[in-house]
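Okay, here's what each chain looks like letter by letter:
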Amino acid sequence: MAIIIKRVDSCVEDDVQNGVMCGGCGIGTTKHTEPTPCRCGKTMEPFTFDFSRRIPGYVLIRCDCGKKIECSGFTNTCSCGRAYNWNGDELAPSDQWGEETGEYRSECYLGGSAFEQTAEQNVGYI
Ligand SMILES: [Zn+2]
Ligand SMILES: [Zn+2]
């Protein structure tokens, strides 16, 4: 059985960042805070982004193989092949889960760069 190292409750993290937003095409970035020419020809004006978000809780466990795993999705697969659910309980062997087991992991790691991409790609954010 995996050893549960700690449990982290979900919480809301305030994350308000100053940036610029184009009123023409909706593109925004936090790389600039002064009016900046947009590639659509208009100007990105100063804008306050509210990236505040709910951070899901997770359970940090130590796999039988010795690796630490953050269980924050429905399936959390260790490199040794074992899989655990959100509560740190071991699941059936991963070869019964098909190709989908990796998806939740990547979704759970939204770093700063991911948010910049979101703002830039999210046309019509306002
Ligand atoms: Zn624009
Ligand atoms: Zn393992």
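Structure: above.
I will try to describe carefully the structure that is included in this document. (Residues numbered from 1 in each chain as written. Chains lettered and ligands numbered in written order. Predicted model: local features only at pLDDT ≥ 70, side-chain atom pairs only at ≥ 80, totals over all residues.)

Spatial ordering of the open sheet is given by S1-S8-S9, a layout of three strands whose pairing is antiparallel. Strand pairing shows two members of the sheet lacking a second neighbour, strand S1 (3-8) and strand S9 (68-71), which therefore form its edges. Each strand of the sheet is rotated relative to its neighbour by a mean of 20°, with strand direction disregarded. Two elements, strand S8 (residues 58-62) and S9, share four bridges in a ladder whose sense is antiparallel. For Leu60, the partnering residue across the bridge sits in S9 and is Glu70. (Pairing = 2+ DSSP bridges. Helix = DSSP H or I, 4+ residues; strand = E, 2+ residues; numbered from the N terminus. Axes fitted to C-alpha atoms, helices over the stretch in contact; angles between N-to-C directions.)

Another aspect to go through is the sheet that holds strand S5 (residues 36-37). Read across the open sheet, the four strands follow the order S4-S3-S6-S5; overall the sheet is antiparallel. Strand pairing shows two members of the sheet lacking a second neighbour, strand S4 (28-29) and S5, which therefore form its edges. Alignment of strand S3 (residues 16-22) against strand S6 (residues 43-50), held across seven bridges, turns out to be antiparallel. Looking across to S6, one finds that Cys22 is bridged to Met44.

Functional significance is not addressed by these values, which are geometric in nature.
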